[in-house]
Structure formats: structure tokens, C-alpha cells
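The lines below spell out each chain.
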Amino acid sequence: ILLFLLGFGYSFPYEVKIYDKKNNFDHSFIYTLVQDHHNYLWIGTIDGLYRYDGFSFTEYTKQQGLAENIVYSSFAASSGKLYFGHVQGGISIFTGDHFENYRLSNDVNPQIIQFIEHEQQVFALTRNHGIYLIGEDSTTGFLQNEFSDKVCSGIAILDGMLYVSHNEGVSYVHLKNLFKKGPELSDVG
């Protein structure tokens, strides 16, 4: 019995590793993390995007094809594409070998805080400029809805309803209602 009780007092050691200057990763402000379909970890920072393969970091900035250096949100779509949202409304989509860059709007700079996918359609929630649909043909459409005048913080889809958390609470809209008139697509090339 004594050996059994002593066993409960023994804690199993575990390792905590911190990636910092010593490991060639000098970024203390990280906005987002996402794992891709190849098990790479993508880290969005205030100074760019980093891909970690388990051994080393690869840096991506505007010089390597990003729309902007500040990477604020990330999402791995079922198509295998990776979506990265930026503070000034830019989107960088990693297709597997390069980045394609787009803007949500030419009129405003909506900060992209979260992506979500429904039936292979990707939506981008912005801080205070509503929700956008990112089409397969790399066009974006602003979804005219009640969320554009609120400070939004999160988005979820449940039972055909799109829920948005914001500074006034949580609102929802039926997904079919978003598309009654269809999104207004605009070329953002």
C-alpha cells in the first residue's frame, strides 16, 4: 500500500520548450496559430508569418509575398488553402506553393479577426466592418447585414445559423438570409 500511495505523489516529468532568440525565433507578440494539412505550424506575428516544420522556422513577409506584415488571423480551409487576415484589410491565401493577395475593400481597411467555413465557402469577420465572403474565384463580397456597425469579436455557425459576438451581445442570422439578394462581388485584384 505504501508503494501505491507513493506512486500518486510522483509526478511524471514533462518538457516545456520556449522558442525565442536562442532558437532563431525572436517574436514576443504572436496574434495567431494554425496547423496546416501537412502538420506545419503557421505563426502570425506583428512582424510577419512563420512556418515551423518541427525543426526550423521559415519567415514570410511582404518581401516573400504577403499582403501585409502584421498577420492577425489565420484559417486552414478544407480545400487545403491557408487564409491569413491582416490588420489593414489585406488577405493572403497560401495555395501550397505561393501567396495570392487580395483586399476586402478598396474603401475601408477592415481588420480581419476570424475566418470560418460553411459548405466550402469562407467568410471573413472584421472588427467593425461586417462580414465578407471570399469566393473560390478570389473575389470578395460584402454581406449586407446588421453586423457592420458593431465591434465584432467572434463568429460561429450552428444549425444553419451564423452567430456573431460583438460589443452589444450575440446576434444571429440564418445563412439563407445572407444570400437572398446575393453578395455584391467586387474585383480586389
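Residues numbered from 1 in each chain as written. Predicted model: local features only at pLDDT ≥ 70, side-chain atom pairs only at ≥ 80, totals over all residues. Heavy atoms only, no water.

## Observations concerning the overall build of the protein
We count it as follows: Helix and strand assignments follow DSSP, with helices taken as H or I runs no shorter than four residues and strands as E runs no shorter than two, numbered in order from the N terminus. The classification of residues rests on relative accessible area computed with a 1.4 Å probe and restricted to protein chains. Under 20% of the type maximum is buried, over 50% is exposed, and intermediate values are partly exposed. In what follows, a contact means two residues having at least one pair of non-hydrogen atoms within 4.5 Å. Areas reported here follow the Shrake-Rupley algorithm with a probe of radius 1.4 Å; residue values treat only the protein chains shown as occluding.
When its secondary structure is counted, the protein shows two helices and 16 strands. Residue burial in the protein is summarised as follows: out of 189 residues, 40% are buried. The contacts of the protein with a sequence gap of at least 6 include a subset with a gap of at least 24, amounting to 37%. Total accessible area on the protein is roughly 11300 Å²; 51% of this is exposed by carbon and sulfur atoms.

## Things to note about the pattern of salt bridges
The line we're drawing: When a carboxyl oxygen of Asp or Glu is within 4 Å of a side-chain nitrogen of Lys or Arg, the pair counts as a salt bridge.
Scanning the entire structure with this criterion turns up one salt bridge. Close ionic contact of E68 with R103 constitutes a salt bridge, the shortest N to O distance being 3.8 Å. Separated by 35 residues along the polypeptide, E68 in the loop between β4 (57–60) and β5 (71–76) and R103 in strand β8 (residues 99–103) bring together distant segments of the chain.

## Some details on the sheet that holds strand β15 (residues 169–174)
Selection rule: DSSP bridges decide pairing: two strands pair if at least two such bridges lie between them. Note on definitions: angles span 0 to 180 degrees between N-to-C directions of axes, and those axes are lines fitted to C-alpha atoms, for helices only across the stretch in contact.
Taking strand neighbours across the sheet as the criterion, the three strands line up as β13-β14-β15 in an open arrangement whose pairing is antiparallel. Of all strands in the sheet, those with a lone pairing partner are β13 (152–158) and β15, marking the two edges. This sheet shows a mean twist of 20° between the axes of neighbouring strands, independent of strand direction. Direction of pairing for strand β14 (residues 161–166) relative to β15: antiparallel, over a ladder of six bridges. Its bridge partner being in β15, Y163 is matched across the sheet by Y172.

## Let's talk about the pairing of β14
In regular strands, side chains alternate between the two faces of the sheet. As judged from the six bridges shared by β13 and β14, these two strands associate in the antiparallel manner. Bridging across to β14, C152 finds its partner in H166.

## Comments concerning the sheet that holds β4
Spatially, four strands are ordered β1-β2-β3-β4 in an open sheet, and the strand pairing comes out antiparallel. Unpaired on one side and paired on the other, β1 (30–35) and β4 mark the two borders of the sheet. If you compare each strand with its neighbour and ignore which way they point, the axes differ by 20° on average. With five bridges connecting them, β1 and strand β2 (residues 41–45) associate as antiparallel partners. The partner of T32 across the bridge, within β2, is G44.

## A word on the packing of aromatic side chains
Short version of the rule: Stacked, tilted and edge-to-face are the three classes applied to pairs of Phe, Tyr and Trp rings, where Trp contributes its six-membered ring and a pair requires centres within 6.5 Å; stacked means planes under 30 degrees apart, edge-to-face means over 60, and tilted covers the rest.
Tallied over the full model, the rule gives twelve aromatic pairs. Geometrically, the ring pair formed by W42 and F94 is tilted, given 5.0 Å between the ring centres and 50° between the ring planes. Highlighted residues: W42 in strand β2 and F94 in strand β7 (residues 90–94), separated in sequence by 52 residues. The pair W42 / F94 is uniform in exposure class, with both members buried.

## A word on the pairing of β8
Across five bridges, β7 lies against β8 in antiparallel orientation. Across the sheet, residue G90 finds its bridge partner in β8, namely R103. Linkage of β7 to β8, two consecutive antiparallel strands, is achieved through a turn of four residues, within which G96 is found at a positive phi near 125°.

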